[in-house]
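# Coordinate inspection notes
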Number of protein chains: 2
Amino acid sequence: MLSKRAKYAIKALVYFGHKEDNSPVLISQIAQSENIPQKFLEAILLILKKEGILDSKKGRGGGYYVVKPLEEISFAEILRIFDGPIALLPCVTHDYYKQCEECKDEATCGIRKVFLQLRNITVKHLKDATIMNVVLDESEK
Amino acid sequence: MLSKRAKYAIKALVYFGHKEDNSPVLISQIAQSENIPQKFLEAILLILKKEGILDSKKGRGGGYYVVKPLEEISFAEILRIFDGPIALLPCVTHDYYKQCEECKDEATCGIRKVFLQLRNITVKHLKDATIMNVVLDESEK
DNA sequence: TATAACTCTAGTAGTTTAGTAGAGTTTATT
DNA sequence: AATAAACTCTACTAAACTACTAGAGTTATA
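Here is a short report on the structure shown in this document. The structure presented is a predicted model; accordingly, all values stated were derived computationally and were not measured.

## Considering the overall build of chain A
Along its length, chain A carries six helices and two strands. C-alpha extents for chain A along the principal axes are approximately 60 × 30 × 25 Å. Counting over 141 residues, chain A shows a buried share of 32%. In chain A, the proportion of contacts linking residues at least 24 apart, taken out of those at least 6 apart, comes to 56%.

Here it is in structure tokens:
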């Protein structure tokens, strides 16, 4: 299961996508609109800022705004930031590779094969799913 | 990530699959061969028994043996037993459905759509992956 | 200079994970 | 009948993670 962190992050980004302009938005505004605990959301937006996806302006009239193009922000990227690897086994992750401790021979492990293929399918799907795609899809109604 | 429980369960089942006959196997034998802590494996095998996948014989000469055909045991089934739902959001699970608390309208949620498709792809892949398939694949060397 | 707004450090209750310990029960064999 | 092999079951634990909350601090603009 996704962590709430990741889910909230995606929700917030989609919220940005539905806005007309790119003016700064208050945390409190997003929190209210999306039913997310405000303090929790604060921490999440901070992380998105550290990752170069959002930026913020302090002081009166400040808030958060998007800096990375929405069509370049994929679900895969967000999941990796908040929930770590997408693969289900350490021995098939891309960025966090670790051998399974109890494994006798990785090269011939049939279990690994299944999860390697699954990882590839999943990553493809989650890379194709960008924030922009979701925004466009939701606007079609 | 998979839990170790689920990974060990799959490893144990594949181990059964590589045996010639279906005579009872000692927990200690599997634990040793697959590098799994024995006491932990005990609990796992007990669960597989409760699920009707294994059965056991007590006393001297006893042990565990498979009762469900290996070509009918899929990774999907094992994952569901040990790690719960395969879907990444509660609102797209099959057996454990729960609305996302903060969701405004499930029917139009673009995020949900992404994870619903992903779930379908994943489940298909994990249902096609049976213990028997892994055993056959590993025997081809 | 007041205040709106982000920043950052702590802490916390609850749950899950990956085990371990040990007593109890069953059954085949001697 | 005794013995020992082997599964069964309950209880416990350390460590990590999740989803928050509290509150003080900093910055910038009107």
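## Brief notes about the nonpolar core
For soluble globular proteins, the rule of thumb is that nonpolar side chains tend to be buried together. Judged by nonpolar contacts, the single largest core of 78 residues is most densely connected at A9 and A12 of chain A together with A9 and A12 of chain B. Discounting chain neighbours no more than four positions away, the residues touching A12 of chain B are I30, E34, L41, I44 and L45 of chain B.

## Examining helix α4 (residues 75-83) of chain B
What α4 of chain B keeps buried is the set F75, I78, L79, R80 and F82 of chain B. Looking one or two residues past α4 of chain B, G84 of chain B carries a phi angle of roughly 75°, positive in sign.

## Structural notes on the interface of chain B and chain A
Contact residues are listed per partner, giving 28 residues for chain B and 28 residues for chain A. Ranked by residue count, the leading element in the side of chain B that touches chain A is helix α5 (residues 110-128) of chain B, at nine residues.

## Some remarks on the relation of the copies chain B and chain A
Note on the identical chains: chain B maps onto chain A by a rotation of 180° and an axial translation of 0.0 Å, with an RMSD of 0.0 Å. Classification of the inter-copy transformation places it as that of a two-fold axis. Closest approach to the rotation axis within chain B is made by the C-alpha atom of T122 of chain B, at a distance of 3.7 Å. An overlap of 100% is found between the interface residues of chain B and their copies at the interface of chain A, pointing to a shared contact surface.

## Some thoughts on the protein's contact with DNA strand D
Around DNA strand D, a shell composed of 23 residues is seen, among which S3, P37, K39 and G59 of chain A together with G63 of chain B lie nearest. Among the elements of the structure, α1 (4-18) and α3 (38-50) of chain A together with α3 (38-50) and β2 (63-66) of chain B are those that each provide at least two residues to the surface near DNA strand D. Broken down by element, the residue count for the surface near DNA strand D peaks at three residues, all from α3 of chain B. When the residues that make up the surface near DNA strand D are grouped by side-chain class, the tally is six nonpolar, eight polar and nine charged.

## Section: the protein's contact with DNA strand C
In the vicinity of DNA strand C there are 23 residues, among which G63 of chain A together with S3, P37, F40 and G59 of chain B approach most closely. Secondary-structure elements contributing two or more residues to the surface near DNA strand C are α3 and β2 (63-66) of chain A together with α1 (4-18) and α3 of chain B. The greatest single-element share of the surface near DNA strand C, amounting to three residues, is contributed by α3 of chain A.

## A closer look at the packing of α1 of chain B against helix α2 (residues 27-34) of chain B
All names here are of chain B. Taken N-terminus to C-terminus, the directions of α1 and α2 make an angle of 105°; their axes are 10 Å apart at the nearest point. Of the possible angle classes, the one that applies to α1 and α2 is roughly perpendicular. Here K11, A12 and Y15 of α1 come into contact with α2, specifically with I30, S33 and E34. Grouping the amino acids of the contact of α1 with α2 by side-chain chemistry returns three nonpolar, one polar and two charged.

## Quick word on unusual backbone geometry
A positive phi angle, close to 60°, is found at N35 of chain A, a residue other than glycine. Within the fold, N35 of chain A resides in the loop between α2 (27-34) and α3.

## Things to note about the environment of L70 of chain A
Residue and element names in this part refer to chain A. With respect to the helices, strands and loops of the structure, L70 is situated in the loop between β2 and α4 (75-83). Judged by local crowding, L70 falls into the partly exposed class, with 18 C-beta atoms found within 10 Å. Here the alpha-carbon distance between L70 and I53, two residues 17 residues apart in the chain, equals 9.0 Å. Contact partners of L70, with chain neighbours within four places excluded, come to G17, T130, I131, M132 and V135.

## Examining the pairing of strand β1 (residues 54-57) of chain A
Bridge count between β1 of chain A and β2 of chain A: four bridges; the pairing is antiparallel. Directly across from L54 of chain A, in β2 of chain A, lies its bridge partner V66 of chain A.

## Description of the environment of S74 of chain B
Residue and element names in this part refer to chain B. Tracing the backbone through its elements, the reader meets S74 in the loop between β2 and α4. The partly exposed category is assigned to S74, around which 19 C-beta atoms lie within 10 Å. Along the sequence, S74 and V134 sit 60 residues apart, while their C-alpha atoms lie 10 Å from each other.

## Overview of the environment of E34 of chain B
Structurally, E34 of chain B can be placed in helix α2. Separated by 79 residues in the primary sequence, E34 of chain B and K113 of chain B place their C-alpha atoms 40 Å from one another. Discounting residues that sit within four places of it in the chain, E34 of chain B has contacts with E102 of chain A together with K11, A12 and Y15 of chain B.

Each value, and the rule that gives it
Residues numbered from 1 in each chain as written. Chains lettered and ligands numbered in written order. Predicted model: local features only at pLDDT ≥ 70, side-chain atom pairs only at ≥ 80, totals over all residues. Helix = DSSP H or I, 4+ residues; strand = E, 2+ residues; numbered from the N terminus. Buried ≥ 20, exposed ≤ 12 C-beta atoms within 10 Å, placed from the backbone. Contact = placed C-beta atoms within 7 Å. Core = buried A, V, L, I, M, F, W, Y, C linked by C-beta atoms within 7 Å. Least-squares fit on C-alpha atoms with pLDDT ≥ 70 in both. Near = placed C-beta within 6 Å. Nonpolar A, V, L, I, M, F, W, Y, C, P; charged D, E, K, R; others polar. Axes fitted to C-alpha atoms, helices over the stretch in contact; angles between N-to-C directions. Parallel < 35°, antiparallel > 145°, perpendicular 65-115°, else oblique. Pairing = 2+ DSSP bridges.

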